[in-house]
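Structure at a glance
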Amino acid sequence: MSVFNISPVSETLGAEVLGLDVSKALNSETIATLRNAFQDYHLLCFRDQDLSDEQLTAFSTQFGPLEIFPEEDMTKNAVEVYHVANVSMEGDHLPEDDPRVVYQRNNGRWHTDSSYRYIPSLASIMYGIEVLPHNAEGGETGFSNMLLAYQSLPEDMKTRITHLHQVHSYGEIRRLEPSIPPMSDHERNSLPPVTHPVVRVHPDRDYQRSLYFTSNTSLEIGGFTHEEGKELHKWLVDYVGKEEFCYFHRWRQNDLVMWDNRVLLHRAMEYDFTKYRRVLRRTTVGGDTPVMGPYWPEAIKAAEKTPG
Ligand SMILES: [Fe+2]
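Residues numbered from 1 in each chain as written. Predicted model: local features only at pLDDT ≥ 70, side-chain atom pairs only at ≥ 80, totals over all residues.

Two modes of strand pairing occur in sheets, parallel and antiparallel, and in both the strands are linked by backbone hydrogen bonds. Spatial ordering of the open sheet is given by β12-β7-β14, a layout of three strands whose pairing is antiparallel. The outermost strands of the open sheet, each flanked by one partner alone, are β12 (246–249) and β14 (264–268). Each adjacent strand pair in this sheet contributes to an overall mean axis angle of 20°, direction not counted. Where strand β7 (residues 141–145) lies against β14, five bridges are found, and the strand directions are antiparallel. Bridge pairing in β14 links F143 to H266. (Pairing = 2+ DSSP bridges. Helix = DSSP H or I, 4+ residues; strand = E, 2+ residues; numbered from the N terminus. Axes fitted to C-alpha atoms, helices over the stretch in contact; angles between N-to-C directions.)

All right, on to unusual backbone geometry then. You will see that H42, though not glycine, has its phi angle at about 70°, which is positive. Following the sequence through the fold, H42 ends up in the loop between α1 (28–41) and β3 (43–46). Even without being a glycine, S114 presents a positive backbone phi close to 55°. Assignment of secondary structure puts S114 in the loop between α3 (99–106) and β6 (123–130). We classify S114 as buried; it has 21 C-beta atoms within 10 Å. (Buried ≥ 20, exposed ≤ 12 C-beta atoms within 10 Å, placed from the backbone.)

Okay, structure coming up:
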């Protein structure tokens, strides 16, 4: 039986897992322990891992079936593994205006992975192969806790947003970053825009509520004039960046970070793309239900039982 340690890395979210080698299949007891910790901390960082793409995929599938990335040139060897890097697959440091680097820049906006799907993902799992030197500026991944953010909202804002939806469109990335080459007709057709409630309820957390929105799949909240919808969106973006909701992960080489896309937003913090190389690989564990809002019958029933 493996002995390992899980301890929090901040007061808002996240825990570090030490003394566990995840390159081999884990037993059911270990998986159950990790699932519980994932539910409690929303983010787990497994330090000092040594993983091939195949081992990263094998580890990830222990938490559910993996999503396939929607764009072919974003993958390496396997359609489930996303190359998050400013370095080509051949190892060349790419110029700042290369579409693959511009694509990374878009990750700097607060978002949650695959919100553009009708059933968005459960978790993302990212492995640090080449990371910035310890003394470099930027390059962290920022995470913001949407359960905390919702709880701390002013009551009038909670009332204002309870019934709202946001349109999430994969194609929006091209509107925000026009230099990225267009999608194929097949990609476009297979990824139509979807809507999700801005307030999400969690059946696995006694129907607790959290915020659910992004700034990479559209820049407005529906249900208002364009101006009002953009203004509300901007307010939410500024709000979730408050330090009291956030943890900024400073990558160490061989970190494996797994986070909960249902309750966290994240963003890549800026760094000098020309000075530093950065190579990470990511898999995405698929979700199993559409995003449930406060007006779903089950959520209404739960709210009647425990008002507020
Ligand atoms: Fe992301």
